[in-house]
Amino acid sequence: MRNVFERQFAAHFDELKWLYMELYDNEELFRELCESLRAFYHERSGELKERDLLRESEPDWYRSPDMLGMMLYVDSFADNLRGVEQRLDYLERCRVNYIHLMPFLDTPKGASDGGYAVADFRKVREDLGTMEDLEHLTGQCHGRGMNVCMDFVMNHTSEQHEWAKRARAGEQEYRDRYFFYPDRIIPDQYERTVPQVFPTAAPGNFTWLEEEQTWVMTTFYP
């Protein structure tokens, strides 16, 4: 399986590096990313690695005319992850073979931004379950021939995320992962073309941090 990863990694390496360096221009962080990808792959179960091979052999699997997806919020559909698992029979009767779970990771209470202000990417929101519940649900879905997708927030964090806290504490390694500006020159250039997500409730794309005397892209975009 190691050769499988290395082959796939090598095939996409140049594109990955180009995209990453366009955003961060930081060789050290890019090496850290590559090391993490390799480590995470080796932590995957044998079953998931087999699915990786299947996906590689059928790259257009998601375009199958038999694919029927359903997007759902865990709490609205079944209270929690275990509840979703208990309703898999119903989903099968509906011929659903692809479920798209809207954001369910840990977020600050009262400031979740609809689940998109993630405080911990390795923790399920407590009222929805645990990482073990997620793993079990995914396994049950795969056993029924169902695909699982999570609405993953990869371009920003909440201010309660460890990286954001350490950035605001002054650690340069983490400050480099976010967009901080001492004045409005660059933010104003962004505002000319970047649409506002919540123009009424939270106008603008930047937040003024009084203690930092600086502007940061909202919500903490790394």
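Figured I'd write up the structure that's included with this text.

Calculation criteria
- Residues numbered from 1 in each chain as written.
- Predicted model: local features only at pLDDT ≥ 70, side-chain atom pairs only at ≥ 80, totals over all residues.
- Heavy atoms only, no water.
- Helix = DSSP H or I, 4+ residues; strand = E, 2+ residues; numbered from the N terminus.
- Buried < 20%, exposed > 50% of the residue type's maximum accessible area, 1.4 Å probe, protein only.
- Contact = heavy atoms within 4.5 Å.
- Areas by Shrake-Rupley, 256 points an atom, 1.4 Å probe, with all protein chains shown as cover.
- Lys, Arg positive; Asp, Glu negative; His and termini not counted.
- Charge placed at Lys NZ, Arg CZ, Asp CG, Glu CD.
- Phe/Tyr/Trp six-rings, centres within 6.5 Å; stacked < 30°, edge-to-face > 60°.
- Salt bridge = Lys/Arg side-chain N within 4 Å of Asp/Glu carboxyl O.
- Pairing = 2+ DSSP bridges.
- Axes fitted to C-alpha atoms, helices over the stretch in contact; angles between N-to-C directions.

### Quick look at the overall build of the chain
Part 1 of the reasoning: Regarding its fold elements, the chain presents 10 helices and 8 strands.
Part 2 of the reasoning: Viewed in the frame of its principal axes, the chain has a C-alpha envelope of about 55 × 40 × 30 Å.
Part 3 of the reasoning: By residue count, 34% of the 222 residues in the chain fall in the buried class.
Part 4 of the reasoning: The contacts in the chain between residues at least 6 apart in sequence include a share of 61% that link residues at least 24 apart.
Part 5 of the reasoning: With an accessible surface of roughly 14,100 Å², the chain has 51% of that area assigned to carbon and sulfur atoms.
Part 6 of the reasoning: The averaged location of the 42 negative side-chain charges in the chain is 3 Å from the averaged location of its 26 positive side-chain charges.

### A short note on the packing of aromatic side chains
Part 1 of the reasoning: Here the structure, examined in full by the defined rule, presents 13 aromatic pairs.
Part 2 of the reasoning: Both rings, one in phenylalanine 9 and one in phenylalanine 13, keep their centres 5.7 Å apart while their planes meet at 65 degrees; by these two values the pair is edge-to-face. Residue phenylalanine 9 and its partner phenylalanine 13 are both found in helix H1 (residues 2–23); the two are separated by 4 residues, about one turn of the helix.
Part 3 of the reasoning: Aromatic pair tyrosine 20 and phenylalanine 30: ring centres 5.6 Å apart, planes at 50 degrees, arrangement tilted.

### Overview of the pattern of salt bridges
Part 1 of the reasoning: Scanning the entire structure with this criterion turns up 19 salt bridges.
Part 2 of the reasoning: Where glutamate 32 meets arginine 177, a salt bridge forms, and the shortest distance between an N and an O atom there is 3.5 Å. Here the residue glutamate 32 occupies a position in helix H2 (residues 27–43), and arginine 177 occupies one in the loop between helix H9 (172–175) and strand E6 (180–181), the gap between them amounting to 145 residues.
Part 3 of the reasoning: One salt bridge in this structure joins lysine 123 and glutamate 126, with 3.0 Å as the shortest N-O distance.
Part 4 of the reasoning: According to the relative accessible area criterion, lysine 123 is partly exposed, its value standing at 30%.
Part 5 of the reasoning: Look at glutamate 126 and you get exposed, because its relative accessible area is 62%.
Part 6 of the reasoning: Residues joined by salt bridges that share partners form a network here, namely Glu32, Glu173 and Arg177.

### So, the sheet that holds strand E1 (residues 69–72)
Part 1 of the reasoning: Read across the sheet, 3 strands follow the order E1-E2-E5 without closing on themselves; strand pairing throughout is parallel. Each edge of the open sheet is held by one strand with a lone partner, namely E1 and strand E5 (147–150). Each strand axis lies, on average, 20 degrees off the axis of its neighbour in the sheet, ignoring direction.
Part 2 of the reasoning: Across 4 bridges, E1 lies against strand E2 (residues 98–101) in parallel orientation. Following the sheet pairing, leucine 72 is matched in E2 by leucine 101.

### Notes on the sheet that holds strand E8 (residues 214–217)
Part 1 of the reasoning: Spatial ordering of the open sheet is given by E6-E8-E7, a layout of 3 strands whose pairing is antiparallel. Lying at the two open borders of the sheet, with one neighbouring strand each, are E6 and strand E7 (206–209).
Part 2 of the reasoning: In this sheet, E8 lies alongside E7 in antiparallel orientation, the contact comprising 4 bridges. Pairing of phenylalanine 206 across the sheet is with methionine 217, part of E8.

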